[in-house]
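Observations on the three-dimensional arrangement
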Amino acid sequence: HNAHRLADTILEMYRQFAQEGPSEQELATAKKQKATELQSQMKEPAFWIGVMSEHVYRKRDWADTKALPGIFDTFTTADVKDAFCRYFRDDSIVRYVITPQSPAVPATAPAAVPAAE
């Protein structure tokens, strides 16, 4: 099945990432994407509702929120690799391969209906 091959390929990509981590270029691209995404999200009320609820529920310091836009710039390739490896371990892999159910094939083809005269 193609689905199983795809799942194997993804798992192999994860293992390679765990060994090598991201390249400097990959990390730079991710940082830029996250900064753009965050800049857009910070313009939306829903973002700030989430921030306020986190501050109330977890008693977070507002200085954390002020530091948020620049926090991603502090991450190194080693930081990303270490975080990935902390959670991607052989003993924690759960694999689900979901494929569409094959349609039922009739045992015999339906008889042709003669055209009305």
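With respect to the overall build of the protein chain
When helices and strands are tallied, the protein chain shows five helices and zero strands. Classification of the 117 residues of the protein chain by burial places 12% in the buried group. For the protein chain, long-range pairs separated by at least 24 residues make up 78% of all intrachain contacts whose partners lie at least 6 apart in sequence. Taken as a whole, the protein chain presents about 10100 Å² of accessible surface, with 58% of it coming from carbon and sulfur.

Side note on helix H2 (residues 24–41)
With 18 residues, H2 extends 25 Å between its outermost C-alpha atoms, agreeing within 8% with the 26 Å of an ideal straight helix rising 1.5 Å per residue. Buried residues along H2 sit in contact with helix H3 (45–58), helix H4 (62–71) and helix H5 (77–87).

Describing the confidence of the model for the protein chain
Confidence along the protein chain averages 88 in pLDDT terms, with 88% of residues attaining 70 or more. Of all helices and strands in the protein chain, the one with the weakest mean pLDDT is H4 (83), whereas H5 scores best (97).

Reading the values: the criteria
Residues numbered from 1 in each chain as written. Predicted model: local features only at pLDDT ≥ 70, side-chain atom pairs only at ≥ 80, totals over all residues. Heavy atoms only, no water. Helix = DSSP H or I, 4+ residues; strand = E, 2+ residues; numbered from the N terminus. Buried < 20%, exposed > 50% of the residue type's maximum accessible area, 1.4 Å probe, protein only. Contact = heavy atoms within 4.5 Å. Areas by Shrake-Rupley, 256 points an atom, 1.4 Å probe, with all protein chains shown as cover. Expected span 1.5 Å × (residues − 1). pLDDT = per-residue confidence, 0-100.

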